[in-house]
Protein chains: 2
Amino acid sequence: MTIRVGVAGYGNLGASVAALVRAQPDMELVGVFSRRSNLTIDVPVFPADEAAAHADEIDVMFLCLGSATDIPEQAPDFARHFTTVDTYDNHHLIPAHRAAMDEAARAGGNLAVVATGWDPGLFSFNRVLANALFPEPKQHTFWGRGVSQGHSDAVRRIAGVRRAAQYTIPNTEAIAAAKRGEAGGLTGQQAHVRDVYVVADAADHERIEREIREMPEYFVGYEVHVTFVDEETLEAEHTGMPHGGHVITSGIVNDTRASIEFQLELERNPDFTAACQVAYGRAAARLAAEGKTGALTVLEIPPYLLSPLGIDELVESFV
Amino acid sequence: MTIRVGVAGYGNLGASVAALVRAQPDMELVGVFSRRSNLTIDVPVFPADEAAAHADEIDVMFLCLGSATDIPEQAPDFARHFTTVDTYDNHHLIPAHRAAMDEAARAGGNLAVVATGWDPGLFSFNRVLANALFPEPKQHTFWGRGVSQGHSDAVRRIAGVRRAAQYTIPNTEAIAAAKRGEAGGLTGQQAHVRDVYVVADAADHERIEREIREMPEYFVGYEVHVTFVDEETLEAEHTGMPHGGHVITSGIVNDTRASIEFQLELERNPDFTAACQVAYGRAAARLAAEGKTGALTVLEIPPYLLSPLGIDELVESFV
């Protein structure tokens, strides 16, 4: 089975997905769907608003769109016409996104795999897995140090912001406490600092800083540092996209303790997010071919469907 | 749904499973099935060879039997009568075990979840997951320092061995190389030392040591140290059951590197193996209730089925 792939959106994530699809043994890139008319890349580019006309040529559409506004506005319409895989990352609103995608996908007889990537995504199912093993688990997720695409994107959408980078930095005392099983009721807000670098006209600084600090879901409740820098400083010091994190779970089974740690160290966040999205695209194509419809999260997908290898070879080589 | 549970075998693993089942919100322990007639525990004990008579009272039978001989000899017969979950851990023979259990389970209209635990088990699906993310992954599994139940059990079955403990110890140079992405073609045999402590009569030492070193799958190909100790030394120094390990995967996505590490630190191996087996028992009961039959590995089971929580609550709380 060759999986015929479309990529909707051609920012950092879309470009990385398009490149990675071409390294897969079982995928073929049909084209990129973009609102931009000036893309000069070596695959066909189609206008995003004419995507539906290509529904018969594409098995999986990777939605490489921003979570702040593009996914909520555009993703359900894609799901009515295509099997989709997205990386929607606004954790608190994922249940609503899942419901909207479930309705749209069912209406079109399609499958929508939602909130892939690494968090949400790989971290999500490690949290569920590790929690299921202990009667009273203690679990903490730490992010960074790294740039959050979602948060940087959200800042860039504020009027007057020309460029921005947002670093998530774990609180080192909090990590140490979690490893000792003593992090207690520590919240994500207490465990991390959000460090924002912004390029904007001086006249807008006060308003922009206030809008950042007051942005619900993304910044409210966190220790937030906002630094305004000039274009050259941002270009020189804040254009890399490293990221990573830990999910640490500790618990008692009968009378003895065990700890589980899942850790990622990523040189470039969008490349690894793309790797997760592409693997779940393979699962989406297989499940759609079996007639599965509606929205699915990573929690509902068996791991073997992510691999280009068959189950017998996987059992032989990896179990 | 309350899951009615039986436990077949009452060694370290069976005792731990029986205790842990009673800490689950959705499970009820019906009884232990054992060949021993002298068990005095506070749950009903039934003779193992009369288990089939209790098929209607039990939703999931946890097979807490040794992998060296008990599982191959007894597990298929259980699968003809019960939905089963085992922790068969002889990696190279898992495909054959899976085939035997698939045939037996289908004949009985049952489901058999095979080779759960942490390795095989959690490590297996982390290997498959991490491998699926990179076009050319480099992956290494390290075990220990810890006691391997399977290897200790195999040594104890040698004639003349009164007691035995086998420690698996990772080669520290090999771990460092894997983290640098330079462990190349390193095999499991090169990455670990097997350290065995045995209580036996002096007249048997030479033969026992030879039988250990010549045991296929378990010891052939490894650096093996065999030390004969007296009963008191083994009791004082080698009765703990710590274990753990790492699955380390590194790869390039487009032009950037990422690494994934899954790590376990376990105070007592059978307690954590029991935790994995019990969680997969929950999945087995749910899949069997849907009418699924045959053998399944952990690779084929979606993570949400391991949790006592429902999918909506999991998405809301953990994605």
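The structure displayed is predicted, hence computed values, not measured ones.

(A) Geometry of the interface of chain A and chain B. Opposite the 62 residues of chain A that make contact, chain B presents 62 residues. Each partner contributes to the roughly 5,300 Å² buried at the junction of chain A and chain B, and carbon and sulfur atoms together form 67% of this total. Taken as a group, Leu299, Phe318 and Val319 of chain A account for 13% of the area that chain A buries against chain B, more than any other trio of residues on that side. Connecting chain A to chain B are 2 salt bridges. With a closest N to O distance of 2.9 Å, Asp312 of chain A and Arg98 of chain B form a salt bridge. Take the side of chain A that touches chain B: its biggest share by element is 11 residues, from strand β13 (residues 256-266) of chain A. When the residues that make up the side of chain A that touches chain B are grouped by side-chain class, the tally is 37 nonpolar, 12 polar and 13 charged. Here 9 bridges tie β13 of chain A to strand β13 (residues 256-266) of chain B, and the two strands are oriented antiparallel to one another. When the bridges of β13 of chain B are listed, Gln263 of chain A appears paired with Glu261 of chain B.

(B) Main features of the nonpolar core. Counting 163 residues, the largest nonpolar core has Leu122 and Phe272 of chain A together with Leu122 and Phe272 of chain B as its most contacted members. When sequence neighbours within four positions are dropped, the list of residues in contact with Phe272 of chain B reads Leu133, Phe134, Ala258 and Ile260 of chain A together with Trp118, Leu122, Leu264 and Leu266 of chain B.

(C) Inspection of the side chain of Ser148 of chain A at higher detail. Residue and element names in this part refer to chain A. Following the sequence through the fold, Ser148 ends up in the loop between β8 (146-147) and α5 (149-156). Using a relative accessible area of 11% as the deciding quantity, one classes Ser148 as buried. Within the local environment of Ser148, its side chain forms a polar contact with the side chain of His151, the two groups lying 2.7 Å apart. If near-sequence neighbours (up to four positions away) are discounted, Ser148 is found in contact with Gln166, Thr168 and His243.

(D) Summary view of unusual backbone geometry. All names here are of chain B. That bond from Asp119 to Pro120 is cis: its omega, 0°, falls within 30 degrees of zero. Looking at the element boundaries, Pro120 is found in the loop between β6 (111-113) and α4 (122-132). Residue Arg145 follows Gly144 across a cis peptide bond; omega there is 0°. Within the element layout of this structure, Arg145 appears in the loop between β7 (138-143) and β8 (146-147). Within the chain, Ala115 stands out as a residue other than glycine whose phi angle is a positive 60°. Relative accessible area serves as the criterion here: at 1%, Ala115 is assigned to the buried category. Of note, Asn254 is a non-glycine position whose phi angle comes to about 55°, a positive value. Within the secondary structure layout, Asn254 lies in the loop between β12 (243-253) and β13.

(E) Main features of the domain arrangement of chain A. All names here are of chain A. Splitting chain A by domain gives domain 1 (3-120 + 270-311) and domain 2 (145-241). Using C-alpha coordinates to define each centre, domain 1 is positioned 27 Å away from domain 2. Counting from both sides, the interface comprises 12 residues of domain 1 and, opposite them, 7 residues of domain 2. It is Ala68, Asn90 and Pro270 that lose the most area in domain 1 upon contact with domain 2, and together they represent 44% of the buried surface on that side. For the interface between domain 1 and domain 2, the tally reads 1 salt bridge. On inspection of domain 1 and its partner domain 2, the count reaches 2 residue pairs in polar contact (both at pLDDT 80 or more). Contributing elements (two or more residues each) for the side of domain 1 that touches domain 2: α1 (12-21) and α10 (269-289). Residues that form the side of domain 1 that touches domain 2 fall into these classes: 3 nonpolar, 7 polar and 2 charged.

(F) Quick look at the packing of aromatic side chains. Overall, the coordinates contain 13 aromatic pairs over all chains when judged by the stated rule. With centroids separated by 6.3 Å and ring planes inclined at 45°, the aromatic side chains of Phe134 of chain A and Phe272 of chain B adopt a geometry described as tilted. One end of the pair, Phe134 of chain A, is in the loop between α4 (122-132) and β7 (138-143); the other, Phe272 of chain B, is in helix α10 (residues 269-289), on a second chain. Summarising the burial analysis for this pair, Phe134 of chain A and Phe272 of chain B share the class buried. The ring centre of Tyr167 of chain B lies 4.3 Å from the NZ or CZ of Arg145 of chain B, which sits over that ring. Over the aromatic face of Tyr222 of chain B sits the side chain of Arg194 of chain B, whose NZ or CZ is 4.2 Å from the ring centroid.

Cut-offs used in this document
- For every chain, the first residue of its written sequence is number 1, and the numbers climb from 1 along that sequence.
- Chain labels run from A onward and ligand labels from 1 onward, assigned in the order the entries are written.
- This being a predicted model, a pLDDT of at least 70 is required before a residue's local features are given, and a value of 80 or more before pairs of side-chain atoms are given or counted; all residues contribute to the totals for chains, interfaces and linings.
- The basis for every side-chain value is the complete set of heavy atoms in the structure, and neither hydrogens nor water enter the calculation.
- Here, residues are in contact when the closest pair of their heavy atoms is within 4.5 Å.
- Buried area adds together the accessible area that both of two parts lose upon being put together, with accessible area traced by a 1.4 Å probe.
- Salt bridge, as applied in this entry: a Lys or Arg side-chain nitrogen positioned within 4 Å of an Asp or Glu carboxyl oxygen.
- Per the convention used, a helix needs a DSSP run of H or I reaching at least four residues, while a strand needs a run of E reaching at least two, with both numbered from the N terminus.
- All amino acids are sorted into three groups, where Ala, Val, Leu, Ile, Met, Phe, Trp, Tyr, Cys and Pro are nonpolar, Asp, Glu, Lys and Arg are charged, and the leftover types, Gly among them, are polar.
- Note on pairing: DSSP must find at least two bridges between two strands before they are called paired.
- In these notes, a set of buried Ala, Val, Leu, Ile, Met, Phe, Trp, Tyr and Cys residues joined through side-chain atoms within 4.5 Å is what counts as a nonpolar core.
- Each residue is assigned to one of three classes by its accessible area relative to the maximum for its type, calculated with a 1.4 Å probe on protein chains only: buried under 20%, partly exposed between the two thresholds, exposed over 50%.
- In the analysis that follows, any N or O atom pair within 3.5 Å is treated as a polar contact, provided that within protein one partner can donate a hydrogen and the other can accept it, and provided that, for residues neighboring in sequence, both atoms belong to side chains.
- Per the annotation, domain bounds derive from an automatic or database assignment of domains.
- Here is the rule: rings of Phe, Tyr and Trp (six-membered ring for Trp) pair when centre to centre is within 6.5 Å. Planes less than 30 degrees apart are stacked, more than 60 are edge-to-face, and the remainder are tilted.
- Whether a charge sits over a ring depends on NZ of Lys or CZ of Arg being within 6 Å of the ring centre and within 35 degrees of the ring normal.

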